[in-house]
Amino acid sequence: QLAPQPAPGMGNNTSEPSICNYREEFAKALEPPGLKKLTVRLGFGISVQEVIDALPRLSYLSLSSYYLKEKEDGDKVTQALAFALREQENCTTLDLSQVETGDEGMEALAAVLGENRVINTLSLMVSISTKGATALAAALGRNRTLKNLSLHVYEICAEGAMILAAALEENTTLTELYLLNSYNSCENVQKLLTAVGENKALTTLHVYGRSSVQALPAALEKNTTLTELDLGWSPITIQDTRVLASTLERNNKWIKLKLEGCRIGPEGANLLAAALQKNETLRELNLKSSYIGTDGAKAIAAALEKNKTLTILGLHVNPVEDEGAVALAAALAKNS
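Rules used throughout
- Residue positions are counted from 1 within each chain, in the order its sequence is given.
- This being a predicted model, a pLDDT of at least 70 is required before a residue's local features are given, and a value of 80 or more before pairs of side-chain atoms are given or counted; all residues contribute to the totals for chains, interfaces and linings.
- Hydrogen atoms and water are omitted, and side-chain values are computed over all heavy atoms in the structure.
- Runs of H or I in DSSP of at least four residues are treated as helices and runs of E of at least two as strands, each being numbered from the N terminus.
- Computation of the radius of gyration draws on C-alpha atoms, with the globule rule given as 2.2 Å multiplied by the number of residues to the power 0.38.
- Think of it in three bands: with a 1.4 Å probe and only protein chains considered, a residue is buried below 20% of the maximum accessible area for its type, exposed above 50%, and partly exposed in between.
- We call two residues contacting when some pair of their heavy atoms lies within 4.5 Å.
- Per-residue and other accessible areas were derived by the Shrake-Rupley procedure at a 1.4 Å probe size, with only the shown protein chains allowed to occlude residues.
- An axis is simply a line fitted to the C-alpha atoms; with a helix, the fit covers only the stretch in contact. Between two such axes, the angle follows the N-to-C directions and lies from 0 to 180 degrees.
- Angle categories: roughly parallel below 35 degrees, roughly antiparallel above 145, roughly perpendicular from 65 to 115, and oblique for all the rest.
- Charged residues are taken to be Asp, Glu, Lys and Arg, nonpolar residues to be Ala, Val, Leu, Ile, Met, Phe, Trp, Tyr, Cys and Pro, and polar residues to be all remaining types, Gly included.
- Two strands pair under a simple rule: DSSP has to find at least two bridges between them.
- We call a crossing left-handed when the near helix sits turned anticlockwise from the far one by less than a right angle, and right-handed when that turn is clockwise.
- Buried Ala, Val, Leu, Ile, Met, Phe, Trp, Tyr and Cys residues that are joined via side-chain atoms within 4.5 Å together make up what is termed a nonpolar core.

J.: Explanation requested: the overall build of the protein in the structure shown.
T.: If you tally the helices and strands in the protein, you get 13 helices and 12 strands. The C-alpha radius of gyration of the protein comes to 22 Å, within 12% of the 20 Å expected for a compact globule of 336 residues. C-alpha atoms of the protein, sized along the principal axes, occupy 60 × 45 × 30 Å. For the protein, with 336 residues in total, the buried portion stands at 55%. Taking the contacts inside the protein whose residues are at least 6 apart along the sequence as the reference set, 78% of them involve residues at least 24 apart. Split by element, the accessible area of the protein, about 14,800 Å² in all, is 52% carbon and sulfur.

Next up, the structure:
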């Protein structure tokens, strides 16, 4: 991919941003007077200062610094952008999920976020110690407009994770959280996820990464506000699926459950199907590319004969064969 793409949870824009990989594209994108959304790959002739000059016109900005030389360059980008954000009142969505931000950049951005009353959607890739985590935690405590936060945690220390987790527990503004962990941050990201159990405002949770999923059971057991859970493309085990099914069976809050690409297999599909027969609130279930097979399709079909609340069911890219398709068709004919 030549240009950065919006982070998960950040794709709710009504129009696509102008994507700029090279200077010629950047110059052309700036021509329309009504420009509002911009996606830029820094380097190759496009500087951060040129992006900052366009910032007063933008409501949506997505940056990538992958092609800059060092991690410190990501910090410099974030610092420069943070300084510019002090003076602007238009940018509501800021995607820095492809700009590796360290402690220095995080401190600069956090200082702005603490007072900012415009940004409602923020995506970050962080490589931070206690210093950066403390700054971000303080900003989350002061900010009252940020609703959607996406965190790709490349690195975070144990103490920093605990500080940030405490801030997430107490936060009453965020309604949507996306957590993605790298190999380097597996154990500590679990600490962040435990905060979901205590949070009283989050309604939507996106999680990617095996270690993160491992911390879900305790969080889901305590949480009372989530209505949408998205584990798309997370490598979950049959035990994870068993926990999800057990929770779904008792839960009266979830409206959407997304397990696209999770490869739950026929056994996982059977577990979820049993839960669907008892659940009375779920409206959408996405099992695309989940390898449910013919047996899984038949189990889902049997559940549909009893479930009266599900309105959206995603089963595409699942080889269910004729037998599974016939069972689903028969169930759909009766479902109302």
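Moving on from the coordinates now.
J.: What is the right way to read the packing of helix α5 (residues 130-142) against helix α6 (residues 158-170) from this model?
T.: Helices that pack against each other are described as a pair by the angle of their axes relative to one another and the distance between those axes. With their axes 8 Å apart at the nearest point, α5 and α6 run at an angle of 5 degrees to one another. Comparing their axes, α6 and α5 come out roughly parallel. Seen from α5, the contacting residues are Thr130, Ala133, Thr134, Leu136, Ala137 and Leu140; seen from α6, they are Glu159, Gly160, Ile163, Leu164, Ala167 and Leu168. When grouped by side-chain class, the residues that make up the contact of α5 with α6 number 8 nonpolar, 3 polar and 1 charged.

J.: Whenever I open this one, the sheet that holds strand β11 (residues 284-286) confuses me. Can you help?
T.: Two pairing modes exist for strands in a sheet, parallel and antiparallel, and in both the strands are linked by backbone hydrogen bonds. Across the sheet, 12 strands lie side by side as β1-β2-β3-β4-β5-β6-β7-β8-β9-β10-β11-β12; this open sheet has parallel pairing. Each edge of the open sheet carries a strand with a single partner, namely β1 (18-20) and β12 (312-314). Strand after strand, the sheet turns through a mean of 10 degrees between neighbouring axes, direction not considered. Here strand β9 (residues 228-230) pairs with strand β10 (residues 256-258) via 3 bridges, running parallel. Bridge pairing links aspartate 230 to lysine 258 in β10.

J.: Whenever I open this one, the packing of α6 against helix α7 (residues 186-198) confuses me. Can you help?
T.: Close contact between α6 and α7 brings their axes to 8 Å; oriented N to C, the two are set at 15 degrees. The angle between α6 and α7 places the two elements in the roughly parallel class. Considering how the two elements wind past one another, α6 and α7 form a crossing that is right-handed. Contact with α6, carried on its side by Ala158, Ala161, Met162, Leu164, Ala165, Leu168 and Glu169, involves Asn188, Lys191, Leu192, Ala195 and Glu198 of α7 and no other residues of that element.

J.: Where do I start with the nonpolar core in this structure?
T.: Note that soluble globular proteins tend to have their nonpolar side chains buried in a common cluster. Counting 97 residues, the largest nonpolar core has Leu61 and Leu63 as its most contacted members. Each residue touching leucine 61, except ones within four places of it in the same chain, is listed here: Leu38, Val51, Leu55, Leu81, Cys91, Thr93, Leu94 and Asp95.

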